[in-house]
Amino acid sequence: MLFLVAALLLLGVVLGTVAHVPPAVSTVLAVGIALWLAIFAYRERQSRRGRGTH
């Protein structure tokens with residue numbers, strides 16, 4: 001429950017920050033986060049494939 005409260009608080013802070021920065025900055029940050037998540041997902045998938053063959 002505490003984790004959920006902390007996550008919602010963090011979400012509120014992030015959304016508040018995005019409301020005050022220019023749209024171009026928000027877009028660049030969103031693309032950066034999306035790339036980071038895509039790379040993370042790719043690496044996780046590759047590591048799971050490698051473990052499955054042992």
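Provided above is the structure to which this section pertains.
A quick note: this is a predicted structure, and the numbers were derived from the prediction, not measured.

Of regular secondary structure, the protein possesses 2 helices and 0 strands. Expected size for 54 residues packed as a compact globule is a radius of gyration near 10 Å; at 17 Å, the protein overshoots this value by more than 25%. Projecting the C-alpha coordinates of the protein onto the three principal axes gives extents of approximately 50 × 35 × 5 Å. The buried share of the protein, taken over its 54 residues, is 2%. Of the roughly 5,100 Å² of accessible surface on the protein, a fraction of 76% belongs to carbon and sulfur atoms.

Along the chain, the position of G50 falls in helix α2 (residues 23-52). Among the residues examined, G50 registers a relative accessible area of 34% and is labelled partly exposed. In this structure, the C-alpha to C-alpha distance between G50 and M1, residues 49 residues apart in sequence, is 35 Å.

Next up on the list: the side chain of S26. The residue S26 is located in helix α2 in this model. Not counting chain neighbours up to four residues away, the residues in contact with S26 comprise V18 and V21.

Cut-offs used in this document
- Residues numbered from 1 in each chain as written.
- Predicted model: local features only at pLDDT ≥ 70, side-chain atom pairs only at ≥ 80, totals over all residues.
- Heavy atoms only, no water.
- Helix = DSSP H or I, 4+ residues; strand = E, 2+ residues; numbered from the N terminus.
- Rg over C-alpha atoms; globule rule 2.2 N^0.38 Å.
- Buried < 20%, exposed > 50% of the residue type's maximum accessible area, 1.4 Å probe, protein only.
- Areas by Shrake-Rupley, 256 points an atom, 1.4 Å probe, with all protein chains shown as cover.
- Contact = heavy atoms within 4.5 Å.

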